[in-house]
Amino acid sequence: MKVRITKSAGKNLCKLLLCLLFIYVLAGCDRQDKPSSNNPQPVAPARIYEGTIIALGDSLTAGLGVAEEEAYPAVLEEKLQQSGYNWQVINGGISGETSSGALTRINWIIAQKPDIVILETGANDGMRGIPTWVIKDNISQAAKLLKEAGVEVILAGMQMLQNLGPDYTKEFAAVYPAVAQEQKILLIPFFLEQVAGTPSLNLPDFIHPTPEGHRIVAQTVYPYVVKAIQARRLDRSAKNKKNR
Amino acid sequence: MLNFRFIFRQIRSSHKQALIFVFCVALSLLTLVSLGGFSSSVRSSMLKDARQLHAADIIIHSHYPLSPVLTTAIKDYEKQGLATSAVVHEFYSMTSNTALEKSVLSHLKVIEKGYPFYGKVELASGRDFSEVLKEGTIVVEQSALDRLGAEPGDSLQIGSAELIIADTVIAEPDRPVSFFSFGPRIFVAAADLERLDLIRMGSRIHYNYLLKVNDPAMVDRLADELASVAVAPQERVNTFENAESGVKRFFENFLFFLNLIGIFTLLLAGIGIQTALGALLRDSEYTIGIMKAVGATNRFICSHFILMIMLLGTFGTLLGLSLSFLLQLYLPALFGGILPASVDLVIAWDTVFEGLLLGTAVVGLFSFMPLRRVRNLKPAAIFRKERGTAGGRLAQYFTIGVITCFFTGLTIWQLEDIATGIYFVLGLVGLLGLNTLITQALLRIIRKKRPRTLALRQAFRGLFRPKNATRAIIITLSASLSVIFSIYLIEQNLQATFIQSYPPDLPNAYFLDIQPTQRQKFSTILGTEAQFYPIIRARLASINGRAIDREIERQRRRDNLSREFNLTYRDFLLDDEQLIVGDSLFGNRIEELRQRGEVPVSVLDTVAEIGDIRVGNLLVFSVQSIPLKARVTSMRTRTESQVRPYFYFVFQEETLKAAPQTIFSAAKMERAKLAEVQNRLAKELPNISVIDIAKTIEILARIMHKLSTIVQFFTSFSIIAGLLIIISSIFATRLARIREAVYYKILGASSGFVLQVFTLENFLIAMVCGLLAGLIAQAGSWIVCSRVFDISYHPLPGRMAIMVGITVLLVIGVGIGASLSILQQKPAGFLRDEE
Amino acid sequence: MADKVLEAVELSKSYRVDDRRITVLDNISMAVEKGEFLVIEGKSGSGKSTLLSLLSGLYKPDSGRILLNDRDITGLSEDQLAPFRNRTIGYVFQSFHLIPSLTALENIMFPAELNHDPAATAKAAELLRRVDLHQRDDNFPHQLSGGEKQRVALCRALVNSPQIVFADEPTGNLDSANGETILQLLMKLRREVATTLVMATHSREISSTADRILRLVDGRIDS
């Protein structure tokens, strides 16, 4: 007569299905969507910055699985400040976004009038096996639009998971240098340099960096940002001269 | 100095009551043993399904090769003959048909011999999977062939290897676990893993170690041991029972429901036995009075009655057991078509033993109260034909206490969870207390009524006849009816949530990442009706000026408010949505809001609950660092928990149209059509990803359907058993009532009049009981559904009315049945009995 | 010859106990005249109660016929008998047989109400007053003593002014004082409504006041 049972406080399957669906698709390719705070106080920043950098990207930028202040854009801003660059870094990462999504919101980004945009996208495309030419077109177009709007662009180079096969990973990796060359923009050869593939620097999902991983990413990105800042300063003084 | 002839005489003189008592015991036992036996076989069948969903008993998952400790542990188990293991490497890779220069992202499963330990991988050719998948070959999903333009026999390039397509796969037992797949499944033999050359630095591989444990009882132990040596957090050890597969909770709910039915049946059985026994002893009160008058000691009387009860109880028990064996014998024939073949309807000996113990305990416990009354009976009271009191209050409370403890123990034992068991019993006691209170109040109201019609007046007065146990009848009847109604209501709600969530038009394909500019083109390619959901990613910054606290949110078990939300816009309700607050999505003061720089938003009740959000609150969102002040104008709820997309926050189109967004789409289409659409999308809109969940839905729908039939079977079985128990107890109590009819007849009432009075009286009882039971069942089922099962609750008033109607008919019918003899026969015989 | 209210022709009744057949009444023929007070006398077990049950239609004879006002009621169904029981016949039992759910007053009213008598309440109250129980009208049977119960039963038997009243050992469950009162009341009321009375008793004292005595010995009329 006895039926063994574990107490149920169950969510039902359907909810779960959808929950999974949305977390998977729209929050990047992992279920470990740990809450990360994003308490943006974008209204009237307390301080005046010399310029604005938008870190445009996917979950690697948004910092899926870590707190927002641990994600690389925050670390980068801190680093810049410490080095005397009074620049603001806005986290413009959206988990799960593909290069198509990034291109779609490029005008929205431009409308925020950034000086520099760090363009980190394409990883989700790769993991879904999207043809590399699509990624290339998207990134290229996005970079072009940003440049036309007078924004300094830093392109974050990406590599694809090796399990996708040698042909695809090779093509994928080639996208970034090609775009950088074509659009004449700064290129970070590999955004996840020294982080990708190292268990201790990644969350158990293998994809997303730990806070320590984000610090290394910020380190990797930093020199290029400094270069972009300098280019920006030059550009500004040139404009100022002209105006005078 | 026992006198068996006395016992025999006593049984003979109240043979009707004795018969009903035996019947009640038999029925209770039949129900307990059969339900118990079946539910354990259903449980094992359900566990089999759960095993199949994971294809193993223990699953170890990691993104890295297994740590040496864990490998050693597994090797040890294998050496000791405790378990068998198989490694499954799962990962995505590009697969190409080099001949046609076509490639597609595919979901590889590189398997070792042994997979699947449970369930079967079915192939189109009907051949045995392990025979087909050999080194150098692959088994693929049809959609891979469609996408690549390939056929079985062709070879495909995966990684560095060329592999020949040996067959196509139709079904894969553990598909729902990894249903969310961006590409078609391809099975590769482990022998080819090296040749693929895809596992290298920078590869993302799911290492799944499947273990089959030879002794099912050891699964949990081995899993615990493995978990203790596993490297946290990357190595996760799960059993098929606790793996977070979504299906788990679903199984849990159904198992819990089976337990619930077990407890309810126990309750019903107890009530039935108690009522029948009470009636039997009441019938003997006269004799007992006389015996006491002539000097019989309580000891003598009680021992005789206990012996009598034991005799009858044993007889009922044996009858019940034989009936349950008979039932078991014929059940496959009866339900063969209804129940899934995998459910063996076998009654295990231990359930028989448990049933016996329970039967004895219930008879013993519930006999205590009536027997106490026997003890306290005063001979004089008998001659005045009055009812003896139930004895000291203390003893009464003691008895109730013992019964409550017994029942609590049983419940805890059944639920295997002390807290839940205690809550459950507390809830039941509360509902019973409420029942008693309402009954008292109602009776007090009715007592004052003096209707004009003679028959109706007689019916009313009949309820308050001295010695009449109206209150007891109403309480027992409404309690047992509540149980039955609750079983029905809960079953219906479970069905509504789980089974009807799989309507035939459920989307079987999801399309992700459609860009707004592609919508038109996408529609054209799709060619069929589809739903479009624009998605704007945003975070919630504050509610009514109160910022979202990340740390608190992190603690939440379900959803939390600190994650990125998917906002959407539309100006209509979805088919499965309802407004619960507000009369339109965005209210009628939009202009006023606009002047304050705010926009209207409609909120889903589930998220409102998490964040304590109310209509009129101000939510501040950060839509990609742009603040959005939104005033809550309405609250929505979802009528069905269907497998359909839902959105917590719905805005007006103009609010979010300009924000960066992608479109999500869902559609239902034939496999061939889907293949065509996928091919066209790959060519024309290559950025759109397609998730094909048809296979998963199919498997889940099959499981749901199976469980649904099982649950229906159990529900009807316990309802029928409950009804029989109720019928016999009504019969038992109504039998006492027919004496009244004799007087009516002697005084010249026609049988029509007698019938009228009885019908009215029974109608009154039935109505009161039905309504009370309805009320209690609604409350109870609501609690169970919303607190335990966490599903939405529908009160189903129409069906409830039908249930009450059936109750009324039943009580009237049984009441008339019990008094039928008096209507046709001459009254003198009954009078003679009385003297 | 005076009018016959009730006539029994060759009534027989026997019971079956296990395999034995016990003849209770053996070929009894008798008649009751209008307005007379007939006592059926006999020892316990002589068949008095059975004869009374048969005569009043509460029981069915094995053979023979019963004529009530020249109408054969032997073969009537229970429902066809109902109006006779209500209006033509009244009963008083040894063990009262009051309806336990009704008060004293309601017990008396009940037959009148069944007869749709609009004056039921008034009649019942009047009868209760006559038997000195008007202050107990709200009491239930279990609150009354044996003598009181029988007084109520008496009123109930007479409320519809029946042609014939059957009384089966009406004083059998009462002490002598209460028995005396009941008998006197019965006689008084019988005279007032001019009804026929058939009473079964083993009391010689009562028989002595009867118009006629029928003695039963072993199921036969002892003549």
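Please read these numbers as outputs of a predicted model, since none were measured by experiment.

A. Looking closely at the overall build of chain A. From N to C terminus, chain A includes 9 helices and 5 strands. Reading chain A from its N end, one meets helices and strands in the order α-β-α-α-β-α-α-β-α-α-β-α-β-α. Entry remark: accessible area of chain A is about 9,300 Å², with carbon and sulfur atoms responsible for 52%.

B. Structural context of the pattern of salt bridges. All names here are of chain B. Enumeration over the complete set of coordinates arrives at 39 salt bridges over all chains. In this structure, the salt-bridge partner of Glu591 is Arg594, at a minimum N-O distance of 3.4 Å. Placement of both Glu591 and Arg594 in helix H18 (residues 590-595) is noted, with a separation of 3 residues, approximately one turn of the helix. Glu591 sits in the partly exposed class, given a relative accessible area of 44%. Two residues, Arg596 and Glu592, come together in a salt bridge whose shortest N-O distance is 4.0 Å. Glu592 sits in the partly exposed class, given a relative accessible area of 37%.

C. Expanded view of the sheet that holds strand E1 (residues 4-17) of chain C. Residue and element names in this part refer to chain C. An order of E2-E1-E4-E5 is seen for the 4 strands of this open sheet, with the pairing classed as antiparallel. On the outer flanks of this sheet lie strand E2 (20-33) and strand E5 (71-72), each paired with one strand and no other. Relative to E5, strand E4 (residues 63-68) runs antiparallel, the two being bridged by 2 bridges. What sits directly across from Leu67, in E5, is Asp72.

D. Spatial organisation of the packing of aromatic side chains. Residues and elements named next belong to chain B. Under the criterion given, the structure shown has 24 aromatic pairs over all chains. The interplanar angle of 40° and the centroid separation of 5.4 Å between the aromatic rings of Tyr510 and Phe664 together place this pair among those described as tilted. In this pair, Tyr510 is assigned in strand E11 (residues 509-514) and Phe664 in strand E20 (residues 662-667), connecting sequence segments 154 residues apart. With a relative accessible area of 3%, Phe664 lands in the buried category.

E. How the structure looks around the environment of Ile710(B). Considering the arrangement of structural elements, one finds Ile710(B) in helix H22 (residues 694-735). For the pair formed by Ile710(B) and Phe254(B), sequence separation is 456 residues and the distance between their alpha carbons is 9.6 Å.

F. Structural view of the interface of chain C and chain B. The interface is formed by 35 residues belonging to chain C together with 33 residues belonging to chain B. Here chain C and chain B share an interface that buries about 2,900 Å² over both sides, 58% of which is from carbon and sulfur atoms. Put simply, chain C and chain B have 1 salt bridge between them. The shortest N-O distance in the salt bridge between Arg457(B) and Glu113(C) comes to 2.0 Å. Where the side of chain C that touches chain B is concerned, the elements lending two or more residues are helix H1 (48-55), helix H2 (78-88) and helix H3 (104-114) of chain C.

G. Looking closely at the environment of Ala196(A). Relative to the elements of secondary structure, Ala196(A) occurs in the loop between strand E5 (186-188) and helix H9 (211-243). Sequence separation between Ala196(A) and Phe206(A) is 10 residues; the distance between their C-alpha atoms is 8.2 Å.

H. How the structure looks around helix H3 (residues 72-82) of chain A. Residues and elements named next belong to chain A. All buried positions along H3 are accounted for by Tyr72, Pro73, Val75, Leu76, Glu77 and Leu80. Where H3 is buried, its residues contact strand E1 (51-57), helix H2 (59-62), strand E2 (87-93), strand E3 (116-120) and H9. Looking one or two residues past H3, Gly84 carries a phi angle of roughly 90°, positive in sign.

I. Just the nonpolar core, in detail. By size, the foremost hydrophobic cluster in this structure holds 82 residues, and its most contacted members are Tyr72(A), Leu76(A), Leu80(A), Met158(A), Phe191(A), Val221(A) and Val225(A). Considering every element that reaches this core, the biggest residue donor is H9(A), with 10 residues. Each of domain 2 (57-239) and domain 3 (529-667) of chain B accounts for three or more of the residues forming this core. What Met158(A) contacts, discounting residues up to four positions off in sequence, is Leu60(A), Glu120(A), Ala123(A), Phe172(A), Ala173(A), Tyr176(A), Pro189(A), Phe190(A), Phe191(A) and Leu192(A). The next biggest cluster of nonpolar side chains, apart from the first, holds 74 residues, and it includes Ile490(B), Ile765(B), Tyr793(B) and Ile812(B).

Rules used in this analysis
Residues numbered from 1 in each chain as written. Chains lettered and ligands numbered in written order. Predicted model: local features only at pLDDT ≥ 70, side-chain atom pairs only at ≥ 80, totals over all residues. Heavy atoms only, no water. Helix = DSSP H or I, 4+ residues; strand = E, 2+ residues; numbered from the N terminus. Areas by Shrake-Rupley, 256 points an atom, 1.4 Å probe, with all protein chains shown as cover. Salt bridge = Lys/Arg side-chain N within 4 Å of Asp/Glu carboxyl O. Buried < 20%, exposed > 50% of the residue type's maximum accessible area, 1.4 Å probe, protein only. Pairing = 2+ DSSP bridges. Phe/Tyr/Trp six-rings, centres within 6.5 Å; stacked < 30°, edge-to-face > 60°. Contact = heavy atoms within 4.5 Å. Buried area = accessible area lost by both parts, 1.4 Å probe. Core = buried A, V, L, I, M, F, W, Y, C linked by side-chain atoms within 4.5 Å. Domains from an automatic or database assignment.

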